[in-house]
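Letter by letter, the chains look like this.
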Protein chains: 2
Amino acid sequence: MPINRTAPEPTIARLAIYVRTLRLARVEGVETLSSADIEARTGINSGQVRKDLSYFGEFGKPGLGYAVLPLYQRLARIMRLDREQTVMIVGAGNMGTALAGYSGLHESGFRLAAIYDNNFSKIGWRIWDLEILDIERMPDLNATMGVRIGIITTPATAAQPVADQLVRSGVRVILNFAPTRVATPRDVIVRNVDLTQELQILCFYLPESLLSEDAV
Amino acid sequence: MPINRTAPEPTIARLAIYVRTLRLARVEGVETLSSADIEARTGINSGQVRKDLSYFGEFGKPGLGYAVLPLYQRLARIMRLDREQTVMIVGAGNMGTALAGYSGLHESGFRLAAIYDNNFSKIGWRIWDLEILDIERMPDLNATMGVRIGIITTPATAAQPVADQLVRSGVRVILNFAPTRVATPRDVIVRNVDLTQELQILCFYLPESLLSEDAV
DNA sequence: TAGATTGTTAATCGATTAACAATC
DNA sequence: TAGATTGTTAATCGATTAACAATC
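Draft legend 1. Local environment of the relation of the copies chain A and chain B. For the pair chain A and chain B, the relating rotation is 180 degrees, the translation along its axis is 0.0 Å, and the fit reaches an RMSD of 0.0 Å. This pairing of chains is accounted for by a two-fold axis. Closest approach to the rotation axis within chain A is made by the C-alpha atom of Ala98(A), at a distance of 2.8 Å. In this assembly the copies share their binding face: 100% of the residues contributing to the interface of chain A also contribute to that of chain B.

And the structure:
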């Protein structure tokens, strides 16, 4: 029963997929899944599934597979998804507003605790029942709220100062939608979601682009 | 001067970053960048930069580096970013509406040509000046519009039939925001952006979660 | 020319897949 | 028990980094 030190990051990403898959299987009334069953549902190689799980313990029974409910519970606990997690959004523009209203957030066990902006024409207004707060008040307010997950939905130019403010306020992990990298202390984890980059990558794969530029 | 057959996908993702970096450098009036300069601006190892570029040609001069404008133009062409690309959105919910209003789309050279939904209470209404269209009309309408990039912003349950409809309508690449995989013909490329998965991955990295569950 | 930097090859690193003894 | 499937080790694969001859 190995203790997890550092499972590879791709393993953690797949763990989230397993949790979702197991929850769905539970709803369907399925009580046991083999790694081959999980492969059928997720497309993730069955050996990969077993390898991923082995970073965290021995959850299966040879010849039988994995009991859905206990595995779900243990993985959810490992991922800290066994409790409601609170998040805050900085940037009450299009993306921030959409995210605030995104039902998947709640369905996945997240609660939006606050939304901040620096624009006085926005501060004080409400988005889906939540008042837009002055970003200057974040350190003070978050001393009480204790939110540790921050979401940046500002323009690129504001991302770095916002990240600094989040760190100052006690946030430990950041989901950054601004199309720029932000620098943080080493113990603060940042994941970047760059929508236009995703579209640009797809453009490359448009049929004709598979040729070299010279060959076009 | 090697012809590109298949550069690794991570290379393509970085290419998009180089394009953005070069455009910015141009605005700043910088005329030349070495691979070390690009590393300083992007955090991408200078050897990696040279390797990535070498998949597509020889763009630099030993001892001097890369001329910003020509490299920008050539990479933009390779990525098909030298022309306006049209996209369509399916799903006029929170995410679809936000994306439709996202200024970064236009700033990155994309034009939103259409937005579809299957909900009769939404069809006919306008989002940011664009009429919400009946998804049933997509194959017909797109025969004229010729949009090849589709964006799925529906609930998970609708994602697969929507993907099928997109493929039927001539779309070749898909950006999928629904938290589920979609199956497509092999020549249709899908990229998945799963916002709640990103948050769940971050949860794992919250300080206390670095221990194994047993050790907590 | 001398110094700088490319393009590319070789070495390293890390993650995925295959294979199989252990075991339910 | 016999068949099925785990957990893990070894083999493979692919991407990143280091190093350096070529050359501006």
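Draft legend 2. Structural view of the protein's contact with DNA strand D. The environment of DNA strand D is formed by 24 residues, the closest being Ser35(A), Arg50(A), Gly60(A), Gly63(A) and Tyr66(A). Close to the protein, within 4 Å, the atoms of DNA strand D are drawn from sugar and phosphate at a rate of 69%. Between a sugar or linking oxygen of DNA strand D and a main-chain N or O atom of Gly63(A), the distance comes to 2.8 Å. The separation between a base nitrogen of DNA strand D and a polar side-chain atom of Arg50(B) is 3.2 Å. When its residues are assigned to classes, the surface near DNA strand D shows 7 nonpolar, 9 polar and 8 charged.

Draft legend 3. Looking closely at the nonpolar core. Counting 104 residues, the largest nonpolar core has Leu75(A), Ile12(B), Leu15(B), Leu53(B) and Leu75(B) as its most contacted members. Discounting chain neighbours no more than four positions away, the residues touching Leu15(B) are Leu53(B), Phe56(B), Leu75(B), Ile78(B) and Met79(B).

Draft legend 4. Inspection of the interface of chain A and chain B at higher detail. Contact with chain A, which involves 63 residues of that partner, is made by 63 residues of chain B. In total, chain A and chain B occlude about 6700 Å² of area from one another, counting both sides; carbon and sulfur atoms represent 65% of this. Counting the contacts that link chain A with chain B gives 4 salt bridges. Among the ionic pairs, Glu198(B) bridges to Arg191(A), the shortest N-O distance being 2.5 Å. Taken together, the links from chain A to chain B amount to 11 residue pairs in polar contact (both at pLDDT 80 or more). For the side of chain A that touches chain B, the secondary structure elements donating two or more residues are helix H1 (9–27), helix H4 (68–78), helix H5 (94–101), helix H6 (103–107), strand E7 (149–152), strand E8 (173–176), strand E9 (189–192) and helix H9 (195–204) of chain A. No other element matches the 10 residues that H9(A) contributes to the side of chain A that touches chain B. Residues that form the side of chain A that touches chain B fall into these classes: 37 nonpolar, 11 polar and 15 charged.

Draft legend 5. Examining the sheet that holds strand E6 (residues 130–134) of chain A more closely. Strand order in the open sheet formed by 7 strands is E5-E6-E4-E3-E7-E8-E9 (chain A), with mixed pairing between adjacent strands. Each end of this open sheet is capped by a strand with a single partner; those strands are strand E5 (126–127) and E9 of chain A. Bridge count between strand E3 (residues 85–90) of chain A and E7(A): 4 bridges; the pairing is parallel. Its bridge partner being in E7(A), Ile89(A) is matched across the sheet by Ile151(A). Lying over the sheet, helix H8 (residues 156–168) of chain A contacts E3, E7 and E8 of chain A, oriented at roughly 165 degrees with respect to E7(A). Sitting on the sheet, helix H9 (residues 195–204) of chain B is in contact with E3, strand E4 (110–117), E7, E8 and E9 of chain A, with an inclination near 160 degrees to E8(A).

Draft legend 6. Broad picture of unusual backbone geometry. Positive phi is not limited to glycine here, since Trp128(A) has a value of about 45 degrees. Of note, Trp128(A) is situated in the loop between E5 and E6.

Draft legend 7. Examining the protein's contact with DNA strand C more closely. Residues in close proximity to DNA strand C total 25 residues, the closest being Ser35(B), Arg50(B), Gly60(B), Gly63(B) and Tyr66(B). For DNA strand C, the backbone portion of the atoms within 4 Å of the protein, that is sugar and phosphate, comes to 66%. Here Ser35(B) contributes a side-chain N or O atom positioned 2.6 Å from a phosphate oxygen of DNA strand C. A distance of 3.0 Å is found between a phosphate oxygen of DNA strand C and a backbone nitrogen or oxygen belonging to Phe59(B). At the level of secondary structure, the elements contributing two or more residues to the surface near DNA strand C comprise H1 and helix H3 (46–54) of chain A together with helix H3 (46–54) of chain B. For the surface near DNA strand C, the per-class residue count stands at 8 nonpolar, 9 polar and 8 charged.

Draft legend 8. Representation of the packing of helix H2 (residues 35–42) of chain B against H3(B) in the model. Residue and element names in this part refer to chain B. Running from amino to carboxyl end, H2 crosses H3 at an angle of 110 degrees, the nearest separation of the two axes being 8 Å. Judged by the inter-axis angle, H2 sits roughly perpendicular to H3. As H2 packs across H3, the resulting crossing turns out to be right-handed. Listed contacts from H3 to Ser35, Ala36, Ile38 and Glu39 of H2 are Ser46, Val49 and Arg50.

The rules we used
Residues numbered from 1 in each chain as written. Chains lettered and ligands numbered in written order. Predicted model: local features only at pLDDT ≥ 70, side-chain atom pairs only at ≥ 80, totals over all residues. Heavy atoms only, no water. Least-squares fit on C-alpha atoms with pLDDT ≥ 70 in both. Contact = heavy atoms within 4.5 Å. Near = heavy atom within 4 Å. Polar contact = N/O pair within 3.5 Å; in protein donor to acceptor, adjacent residues only side chain to side chain. Nonpolar A, V, L, I, M, F, W, Y, C, P; charged D, E, K, R; others polar. Core = buried A, V, L, I, M, F, W, Y, C linked by side-chain atoms within 4.5 Å. Buried < 20%, exposed > 50% of the residue type's maximum accessible area, 1.4 Å probe, protein only. Buried area = accessible area lost by both parts, 1.4 Å probe. Salt bridge = Lys/Arg side-chain N within 4 Å of Asp/Glu carboxyl O. Helix = DSSP H or I, 4+ residues; strand = E, 2+ residues; numbered from the N terminus. Pairing = 2+ DSSP bridges. Axes fitted to C-alpha atoms, helices over the stretch in contact; angles between N-to-C directions. Parallel < 35°, antiparallel > 145°, perpendicular 65-115°, else oblique. Left-handed = near helix turned anticlockwise from the far one by under 90°.

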